Amino acid sequence: MVYICPVTMEQLHKIKSILSLKRVFTTLILFTLTWNVHAQHIVSEKINNSLTRNIDSNKIKSDAPLPVSLGTRVADTTKKPAVDTSGFIVKTDTFSLKISKDTLDAPLHYKAEDSAVGLVLEKKIILYGKTKTEYKDIVLTAPRVEMDQTTQIVTAVNRKDSSGAVVEAAQFKDESSAFTSDTIRYNFKTQIGQTKNTFTEQDGILIIGEVAKKVSADVTFVKKGRFTTCMLDEPHYDFLTSKMKVVNKKVAIAGPTHLEFEGVPIPLYLPFGYFPLQKGMHSGLLPPQFATNEQYGLGLEGLGYYKVINQYWDAKIYGNIYSYGGWSVNLNPSYRKRYRYNGAFNLSMQSTKLNFKGDPDFSKTKTFSVNWYHSVDSRARPGTQFSANVSASSTKFNRLVPNSPQMNFQNIQTSSIAYSKSWAGKPYNLTMSANHSQNNFTHLINLSLPDVGFTVNTQYPFQKKNGVGAAKWYEKLGIGYFGNFRNQVSFYDTAFSFRNLIDTLQWGAQHNFPITLSLPPIMGGAVIVSPNVSIQQVWIAQKFRRTWNNATQKIDTSITKGIFMDQQVAFGLSFNTAMFGTLQFKRKTGLQAIRHVVRPSFSVNYKPDLSKNHFYKTQINSAGYLMEFSEFEGALYPGFSKGKTGGFGFQIDNNVEYKWRKKSDTTTTKITAKKLIDGFGISGGYNFLRDSLKLDIFNLYFRTTLFDKINISANSALDPYQVDSMGRDINKYLWQGNKFQLGRLTYGTISVSSNFKSKPKDAKKEEAKKKMVEQRLNDPSLVADQRQLMAYMQQNPGDFVDFNIPWQLNVGYSLTFYSKLKSDYSGFTKEFSSNLNFNGSFNLTPKWNFSTNGFYDLHTKKLQTFQMSINRDLHCWQLSINVTPVGLYRYFSFTINPKSSLLQDLRINRTRSFQSF
């Protein structure tokens, strides 16, 4: 750009001096105040106006104005100017702004509620009253801030009241850290600073430093530092060290360290401290706990190492060792791949030595346990699923686990490894599984491998591909298929041998071809008619027969291996409908109506007798009494029942609802509909083709939830026939005779349970807790961790106390009875079992909680298990006392530990356990 104007040499020197003054002011404004671009433009415009006024005051006259702008420099007069004959100077604008070495590389924004004072000569700016200074990602807030342009140091100080108490502190925040201090001195350019009485939080750890020096963006040295997980201004406890180095979000390393409670030092010193601050998983040692056991002796429990292999795998190996010579080793690897799969293993081996050598009750046992959980995200491979839930062990393993009553009484264990496949657009489904079950009380173990199922969904062979109009009745004829093959072995782990394992090998298969037909509803659509045909066949690997031995006067049994078949064909026609009645009440509030819904169903069925050849009678006692048995008894698929069936069946299902109107306020009303009885009914049948005992056993059921609190369910079987002296049914109804009876109860169960709890103290906290649990359960990558956490919670209920719920109580009662055939076949006996289980907790004070759970056997009138715990909320710590005073396994424990998961292994624990077998 070229400017041309007439000027004399004297005027030119004046312009140069004015521009030099302008440059001084411009530099002061740019590098002292560091305004933004808009502010710079305003200042430049003001200086230009001032420059124009100065030129006018020196009586610069020209026909054209002198356009002087920020960034314009006149050529040096000592050099030969480019002047034409008309007296004009021709000048090229080649001005470039020279940046000072102490200039910041980004704008510095600041504001203050009170005032801002600029000291031009000292090149300082002082801000008062709730100031805020921003530079790049750095934000500094304080009641008073001083900025020095010469040194580029910003000093922020706090504000105190007349008593000397701090009422407003200085706060610093950047991308990697944030802290609060009494005094902050910070160099924006070098990012080096010093603070006094500093508080900062790093992933759950509060670090307090008397003097802290920040030597880089990530590294800080602290003099006389304290660190704790208690987030109070005056923490209840902390670790004190004379010096410490903190690398943001990575690690904190301290010198000699000791613990203080409420300012009282604990005479326990550590030579150094290493505290990882980096998020995620970290490898490290697992500290042990001291334990005392009457049968095992003194011991260290939980000593081990945790190793992070990579982002998908990690493993934990730990063990226990006891003074009587017992030990255990646990290997717990886990794996996960987000949106694909996750799982965990737990391999345990324990060598148990009860009591010491020379004791008459001394015993030595080696046991093992294998646990595996695997889950696949359904989005990983649509149409394919693979899952595993394995829990297998020596039958004595659970009984010998110390300090775990829940596992000690766990007698039933099951496992399943399953794979399923469905083809898109095809009606086929394939399932394969390996299953395991064991009874630790009887020592019986069953393995089923493989268990294969194949299903063909219902097909309609007569349905037209491009049908027009209403479909014909035969087009709704459908046929499907379900087949299953199973292989199983059974053995006792106390008498295991490969030969016995082969002898118990069983296999079997079943096939089912259901044929259905959908007919139009009748009676105006009120009744649905459904005919059906079922063809079934089973393949069986052995026959089991009983024979009377006159020599020994006992029953002998024999097993015949081979391939045997049994089949069944059944025909049926069912009718289903629903009826309801409503009783209205003309009331403004309260009960408005009661509604009763009845869903009756009636079926006609026929089944020929295709299995009569598989039943036989044999003598069962010396009196010559005969009893009928099936030769497929005990098989995987035991075959079908004997006799023709030609009769009817029925079922009547009911439920009762009510409507209730209540006033929610003075202007509006609400009507709520709830179920009074969820369901109750009866089912039975009559067989016209049976030679005797034609009336089937009646099945009764009932279920309801009262007041949304009390759950009640009951089931029973009612036998309408009388019995002889050996408990067998005879062809005579109970209502025939002198005494009228509808039936005889041969089986029944009833269970009642309820859950009562108070409202949470903090409703928002409770809602957040529920959302967190739901999120963990719905996140496939956290399922394995959640399962391990739930298992730990069951074993250590005292460590998970919810003080937000003032009180809660869960109570359950169950009663079961059934008829059992005597071992000598002389009749039947009634077996009863009833129990009461309970658990609950209540807050003695806002900080003290008492909880208990137990199991009472009403039949034996004994308290089988009972646990109670007392917990104290110590704000950042918690105290727990757990006691199990009754049962085969008794123990108590005293534990005090920090709440923070970062210090979960820092605990004082005292445990003692006792066993009586």
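## A closer look at the overall build of the protein
Now for step 1: The helix and strand tally for the protein stands at six helices and 53 strands.
Now for step 2: Across the 917 residues in the protein, those meeting the buried criterion constitute 34%.
Now for step 3: Considering only contacts within the protein whose residues lie at least 6 apart along the sequence, 51% involve residues at least 24 apart.
Now for step 4: A total of about 54,200 Å² of accessible surface is found on the protein, and carbon and sulfur atoms cover 59% of it.

## Let's talk about the nonpolar core
Now for step 1: Counting 19 residues, the largest nonpolar core has Ile207, Phe227, Tyr237, Phe239, Met244 and Val246 as the members making the most contacts within it.
Now for step 2: Of all the elements, strand S16 (residues 237-247) adds the most residues to this core, at four residues.
Now for step 3: Excluding anything up to four places from it in sequence, Phe227 contacts Ile205, Leu206, Ile207, Asp238, Phe239, Thr241, Met244, Ala254, Thr257 and Phe275.

## Things to note about the packing of aromatic side chains
Now for step 1: Under the definition given, this model contains 29 aromatic pairs.
Now for step 2: Sitting above the plane of the Phe629 ring, Arg546 keeps its charged end 4.6 Å from the centroid.
Now for step 3: The ring of Phe580 is capped by Arg595, whose NZ or CZ atom sits 4.5 Å from the centre of that ring.

## Comments concerning the environment of Val723
Now for step 1: Among the secondary structure elements, Val723 is positioned in strand S44 (residues 721-723).
Now for step 2: What Val723 contacts, discounting residues up to four positions off in sequence, is Arg728, Asp729, Ile730 and Arg744.

## Focus on the side chain of His511
Now for step 1: Along the chain, the position of His511 falls in strand S33 (residues 506-517).
Now for step 2: Among the polar contacts made by the side chain of His511, one reaches the side chain of Tyr481 at a distance of 2.9 Å.
Now for step 3: Setting aside anything within four residues of it in sequence, one finds His511 in contact with Tyr481, Phe482, Ile535, Gln536, Gln537 and Trp539.

## A look at the pairing of strand S52 (residues 889-898)
Now for step 1: Across the 10 residues that make up S52, a large majority, seven, are buried.
Now for step 2: With eight bridges joining them, strand S51 (residues 877-884) and S52 adopt antiparallel strand pairing. When the bridges of S52 are listed, Leu879 appears paired with Ile896.
Now for step 3: Taken together, S51 and the strand that follows it, S52, pair antiparallel across an intervening segment of four residues, in which Gly887 is found at a positive phi of about 105 degrees.

## Side note on the pattern of salt bridges
Now for step 1: Summed over the entire model, instances satisfying the criterion amount to 20 salt bridges.
Now for step 2: With a closest N to O distance of 3.2 Å, Arg545 and Glu631 form a salt bridge. With Arg545 in strand S34 (residues 528-549) and Glu631 in the loop between strand S39 (626-630) and strand S40 (645-663), this residue pair connects regions lying 86 residues apart in the sequence.
Now for step 3: A residue is classified by how much of its surface remains accessible, and Arg545, at 32% relative accessible area, is partly exposed.
Now for step 4: A salt bridge links Asp873 to Lys899; the nearest nitrogen and oxygen atoms lie 2.5 Å apart.

## What about unusual backbone geometry?
Now for step 1: Cis geometry marks the peptide bond from Leu449 to Pro450, where omega comes out at -5 degrees.
Now for step 2: Along the polypeptide, Pro450 turns up in strand S31 (residues 444-459).
Now for step 3: Positive phi, close to 50 degrees, is recorded for Asn197, a residue that is not glycine.
Now for step 4: For Asn197, the location among the structural elements is in strand S13 (residues 192-202).
Now for step 5: Accessibility expressed as a relative area gives 31% for Asn197, which makes it partly exposed.

## Description of the pairing of strand S50 (residues 862-874)
Now for step 1: Pairing analysis gives 10 bridges linking strand S49 (residues 848-857) to S50, with the strands arranged antiparallel. Looking at S50, one finds that Ser851 is bridged to Ser869.
Now for step 2: Turn length for the S49-S50 hairpin, with the two strands adjacent in sequence and antiparallel, is four residues, and the turn residue Lys861 shows positive phi of about 60 degrees.
Now for step 3: As paired strands, S50 and S51 are joined by seven bridges and run antiparallel to one another. Counted as the bridge partner of Ile870 is Ile881 from S51.
Now for step 4: Between S50 and S51, which pair antiparallel and follow one another directly, the connecting turn spans two residues, one of which, His875, has a positive phi of 70 degrees.

## Things to note about the environment of Gln741
Now for step 1: Relative to the helices and strands, Gln741 resides in the loop between strand S45 (729-733) and strand S46 (744-757).
Now for step 2: Along the sequence, Gln741 and Gln722 sit 19 residues apart, while their C-alpha atoms lie 9.9 Å from each other.

## Points about the state of the cysteines
Now for step 1: Using the criterion set out here, one finds zero disulfides in the structure.
Now for step 2: With no disulfide partner, Cys876 has as its closest neighbouring cysteine sulfur the one in Cys230, 3.6 Å distant.

## Quick notes on the side chain of Asp314
Now for step 1: Positionally, Asp314 belongs in strand S24 (residues 313-322).
Now for step 2: Of the polar contacts made by the side chain of Asp314, one reaches the side chain of Tyr306; its length is 3.4 Å.
Now for step 3: A polar contact is formed between the side chain of Asp314 and the side chain of Ser334, at a distance of 2.9 Å.
Now for step 4: Contact partners of Asp314, with chain neighbours within four places excluded, come to Met281, Tyr306, Lys307, Val308, Ile309, Asn332, Pro333, Ser334 and Arg336.

## A look at the environment of Gly639
Now for step 1: Here Gly639 lies in the loop between S39 and S40.
Now for step 2: When its relative accessible area of 24% is taken as the criterion, Gly639 is described as partly exposed.
Now for step 3: Taking the C-alpha atoms as reference points, Gly639 and Trp539, 100 residues apart in sequence, are found 8.6 Å from one another.
Now for step 4: Setting aside chain neighbours within four positions, we find Gly639 in contact with Val538, Ile540, Asp566 and Phe632.

## Digging into the confidence of the model for the protein
Now for step 1: Of the residues in the protein, 84% reach a pLDDT of 70 or more, and the chain-wide mean stands at 80.
Now for step 2: In the predicted structure, residues 1-86 sits below a pLDDT of 50 and forms 102 contacts with residues beyond four places in sequence or in another chain.

About the criteria used
- Residues numbered from 1 in each chain as written.
- Predicted model: local features only at pLDDT ≥ 70, side-chain atom pairs only at ≥ 80, totals over all residues.
- Heavy atoms only, no water.
- Helix = DSSP H or I, 4+ residues; strand = E, 2+ residues; numbered from the N terminus.
- Buried < 20%, exposed > 50% of the residue type's maximum accessible area, 1.4 Å probe, protein only.
- Contact = heavy atoms within 4.5 Å.
- Areas by Shrake-Rupley, 256 points an atom, 1.4 Å probe, with all protein chains shown as cover.
- Core = buried A, V, L, I, M, F, W, Y, C linked by side-chain atoms within 4.5 Å.
- Phe/Tyr/Trp six-rings, centres within 6.5 Å; stacked < 30°, edge-to-face > 60°.
- Lys NZ or Arg CZ within 6 Å of the ring centre and 35° of its normal.
- Polar contact = N/O pair within 3.5 Å; in protein donor to acceptor, adjacent residues only side chain to side chain.
- Pairing = 2+ DSSP bridges.
- Salt bridge = Lys/Arg side-chain N within 4 Å of Asp/Glu carboxyl O.
- Disulfide = S-S within 2.5 Å.
- pLDDT = per-residue confidence, 0-100.

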